[in-house]
Amino acid sequence: MSDTVTQTEGGQTTTTGTPVKLKYFIDNEFRESKTDVFMDCYNPSTGKVTHLAPTCLPSEVEDCIASAKAAYPSWSNTPPNKRIQVLFKLKTLCDEHLDELTQIVAESEGKKWDEAKGDVLKAIEVIEFATGIPELMKGDSIMNVSQGYDTVLYNESLGVFGGIAPWNFPAMIPMGWFAPLCIATGNTFVLKAASPVPQVVFKFAELWKKAGLPDGVLNIITASRNEAEILLTHPDIVGVTFVGSTGVGKHIYKTAAAHGKRVQALTEAKNHALVLADCKMDRTARGIINAYTGCAGHRCMALPVIVVEDSIADELVALLKKYSEEVKMGDAMDKSTDMGPVVTGAQKKYIEGWIDKGVEEGADLILDGRGATVEGLEGGFWVGPTIFDNVTEDMTVGSEEIFGPVLCIKRVKNFEEGINIMNNSRFANGSAIYTQNGYYSREFAKRTDAGMVGINVGIPVPVSIFGFTGHKDSFFGDLHCMGKDGVRFFTEQKNVTSTWFDETAEIKSEKVGTWDGMSNRD
């Protein structure tokens, strides 16, 4: 595989093998940061540094906020039907550049080709949803709500939002979950891109500009946590949307809320699936393989734990081991690859540390992904599929997020024991059940704590017309991303009540009642 790529408007790439210093995006142009500190961006398949992301200065972050603030009055006053013309054009441009966007994701994050393409397509999906903003923002009204009085409810934009994106879905999350609804509703946006993988959002920025987005509506920086903290406290930021770890999410929720901002923080998970004895065994096993090895386990809706009834456990475990051994690791750009690399050397070390921990805790390691290599790509960041059996509730390997291709198997007697174990988790992002039994399917859907539930679906991520509804320590806030919640997060309601007087009639001077006509019981 070659690490040579082509130069783009934002200075994102190079035709030599030399790492390129990236710029930041402000006022619809790419500018060089004045920082002396840059962060390495790797091609995970080769392990080579391809780009250097600037740790933008606090002044540059503040400049982006000022740019967004200056753009807000005009953009918010632009009629929704006109705003969405930009999104229609953006969707067309994304379709035209789909392969280029896919390649950037594959080469920067390590997703195999079809996963990288899916990352981009899921961003486009939300762009399509956001083109419905004129209907989604439509308010409500009642004529003669009280005698002679009318009330109209409007949904309005708020101002400048900040977004802090993770590295695991560099297209879908910042350019799907965050930007489209924020911008379509009339707000402006300052994005702190994930520093290990910012390349694809800069390409999206080029497309937003080409689609006709006015200067300042979208600004993008890369920075450390210190500079990102500005988004949590700056008086011109009205809200913050975040995806990342639970510890950081709690801090963002607490800090930003204390500064009067609305917050949605989507955080960690340890999703479990309950496998009952009547499941379709082979299809269930293959679904689990996809759910725990897909995207190299780098997704908060992965399936790192299965809870299986004792009566079928041995048979299922044997199948899982067999199919896991058949997973072909390889170059993310090779379309025959089943699983790509993990994102960085640090993440590889972190995952392998958790495998060490599982062994120390006494879990049965029946498939070990440590020390995996791919011929010709020995410098890549490889961790093979890993399976632990007989994981118990006192083992942290089965309760804490690992974010890699590691599967933990917990054995139970029956449905009741299984769902109780699952609900004991402090996380509640997703859960699944594999069964042909309608009664247990319904009971599971009703009683599971998780906010996204799969019935014979290992990765029950909803499409964008629904919200991404994590619970417990998987989410902090009141309004989730995407769907109707996403629209509500980026808007606020205003009720306007009016009454009018007959200019041809004599208006008597009368005492105005306590409720000024707004009580139906007067």
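Below, the structure is looked at part by part.

Reading guide: rules and limits
- Residues numbered from 1 in each chain as written.
- Predicted model: local features only at pLDDT ≥ 70, side-chain atom pairs only at ≥ 80, totals over all residues.
- Heavy atoms only, no water.
- Axes fitted to C-alpha atoms, helices over the stretch in contact; angles between N-to-C directions.
- Helix = DSSP H or I, 4+ residues; strand = E, 2+ residues; numbered from the N terminus.
- Parallel < 35°, antiparallel > 145°, perpendicular 65-115°, else oblique.
- Left-handed = near helix turned anticlockwise from the far one by under 90°.
- Contact = heavy atoms within 4.5 Å.
- 1 Å grid on protein atoms, 1.4 Å probe; cavity = no way out; pocket = protein on both sides within 12 Å on 5 of 7 lines; lining within 4 Å.
- Points joined across faces, edges and corners; volume = space filled by probe spheres on them.
- Nonpolar A, V, L, I, M, F, W, Y, C, P; charged D, E, K, R; others polar.
- Salt bridge = Lys/Arg side-chain N within 4 Å of Asp/Glu carboxyl O.
- Buried < 20%, exposed > 50% of the residue type's maximum accessible area, 1.4 Å probe, protein only.
- Pairing = 2+ DSSP bridges.
- Phe/Tyr/Trp six-rings, centres within 6.5 Å; stacked < 30°, edge-to-face > 60°.
- Disulfide = S-S within 2.5 Å.
- Core = buried A, V, L, I, M, F, W, Y, C linked by side-chain atoms within 4.5 Å.

1. What to know about the packing of helix α2 (residues 80-96) against helix α4 (residues 113-130)
Argument step 1. Across the interface, α2 lies against α4 with an axial gap of 9 Å and an inter-helix angle of 155°. As judged from the angle between their axes, α2 and α4 are roughly antiparallel. Between α2 and α4 lies a crossing whose hand is left-handed. Only I124, I127, E128 and A130 of α4 make contact with α2, whose side of the interface consists of I84, L87, L90, K91, C94 and D95.

2. Considering empty space enclosed by the protein
Argument step 1. Counted by the stated rule, this structure contains two cavities of 30 Å³ or more.
Argument step 2. Taken as a whole, the largest cavity spans an internal volume of roughly 110 Å³.
Argument step 3. If you go around the largest cavity, you meet 14 residues; those closest to its centre are G297, R299, A302, P304 and F403.
Argument step 4. Classifying every residue of the lining of the largest cavity gives eight nonpolar, three polar and three charged.

3. Some words on the pattern of salt bridges
Argument step 1. Applying the stated criterion across every chain, the model contains 29 salt bridges.
Argument step 2. With its nearest N and O atoms 3.8 Å apart, the salt bridge here joins K112 to D114.
Argument step 3. With a shortest N-O distance of 3.1 Å, E135 and K138 are connected by a salt bridge. No difference in accessibility class separates E135 from K138, as the two residues are exposed.

4. Overview of the sheet that holds strand β1 (residues 20-21)
Argument step 1. With mixed pairing, the three strands of this open sheet are ordered in space as β1-β5-β4. Both edges of this open sheet fall to β1 and β4 (38-43), since each of them pairs with a single strand only.
Argument step 2. Relative to strand β5 (residues 48-54), β1 runs parallel, the two being bridged by two bridges. Within β5, the residue paired with V20 across the bridge is H51.

5. A short note on the packing of aromatic side chains
Argument step 1. Under the defined criterion, the tally for this structure stands at twelve aromatic pairs.
Argument step 2. On the numbers, 4.9 Å between centres and 55° between planes, the contact of F25 with F30 is tilted.
Argument step 3. Relative accessible area serves as the criterion here: at 1%, F25 is assigned to the buried category.
Argument step 4. Using a relative accessible area of 12% as the deciding quantity, one classes F30 as buried.

6. Description of the state of the cysteines
Argument step 1. As enumerated under the stated definition, the model contains zero disulfides in all.
Argument step 2. Free cysteine: C182, not disulfide-bonded; nearest cysteine sulfur from C481 at 13 Å.
Argument step 3. Look at C182 and you get buried, because its relative accessible area is 0%.
Argument step 4. Note on C279: no disulfide assigned, nearest cysteine sulfur contributed by C408 at a separation of 19 Å.
Argument step 5. Since its relative accessible area comes to 10%, C279 is described here as buried.

7. Thoughts on the nonpolar core
Among soluble globular proteins, nonpolar side chains are generally buried collectively.
Argument step 1. W177, F204, W208 and I220 are the most contacted members of the largest nonpolar core, which has 73 residues in total.
Argument step 2. Top element by residues in this core is helix α6 (residues 172-184). It accounts for ten residues.
Argument step 3. Contact partners of W177, with chain neighbours within four places excluded, come to V126, M172, V243, L266, F468, C481 and M482.
Argument step 4. Of all hydrophobic cores here, the second largest spans 58 residues; its members include Y292, V308, L320 and F388.

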